[in-house]
Amino acid sequence: MKSVQEAPLAHYVREYSALPGLQQAHRVEYTLRRSDTMLCFSARRSSEAAPISYYTAALEEVPACRLLCYLYENSIGPEQLRDVLSDFCGRTL
């Protein structure tokens, strides 16, 4: 089992307002943590019980923090996390 660091390296929260007929109000949290020799990217929609997480050893901390900011700023949903990370990290995901 991977040992995940308690304090995140980076954490962002995006709030979405209710738009009648289009979406309910919700929040998406993006978190980056160190896990042993790997980095763990997580995204969680407030309506979901558990985050979607992926581990990679392909990035250093600074570029990984920038990538997490990219996920947040571009409203990448948890269900798209794997595809975006695969584009940046390739087969090391």
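Up top you'll find the structure we're talking about.
Overview of the structure. (Residues numbered from 1 in each chain as written. Predicted model: local features only at pLDDT ≥ 70, side-chain atom pairs only at ≥ 80, totals over all residues. Heavy atoms only, no water.)

**A look at unusual backbone geometry**
Although it is not a glycine, D36 sits at a positive phi angle of roughly 50°. The phi dihedral of S75 is positive, around 50°, even though this residue is not glycine.

**Considering the sheet that holds strand β2 (residues 26-35)**
Spatial ordering of the open sheet is given by β1-β2-β3-β4, a layout of four strands whose pairing is antiparallel. Both outer strands of the open sheet, β1 (10-16) and β4 (52-56), are each paired with one neighbouring strand and no more. Across the sheet, the axes of successive neighbouring strands diverge by a mean angle of 10°, strand direction being ignored. In this structure, strand β3 (residues 38-45) lies alongside β4, joined through five bridges in antiparallel fashion. Bridging across to β4, A43 finds its partner in I52. (Pairing = 2+ DSSP bridges. Helix = DSSP H or I, 4+ residues; strand = E, 2+ residues; numbered from the N terminus. Axes fitted to C-alpha atoms, helices over the stretch in contact; angles between N-to-C directions.)

**Comments concerning the pattern of salt bridges**
Per the counting criterion, the structure on display carries five salt bridges. For E48, the salt bridge identified is with R45, shortest N-O distance 3.9 Å. When salt bridges with common partners are traced through the structure, they connect R45, E48 and E79 into a single cluster. (Salt bridge = Lys/Arg side-chain N within 4 Å of Asp/Glu carboxyl O.)

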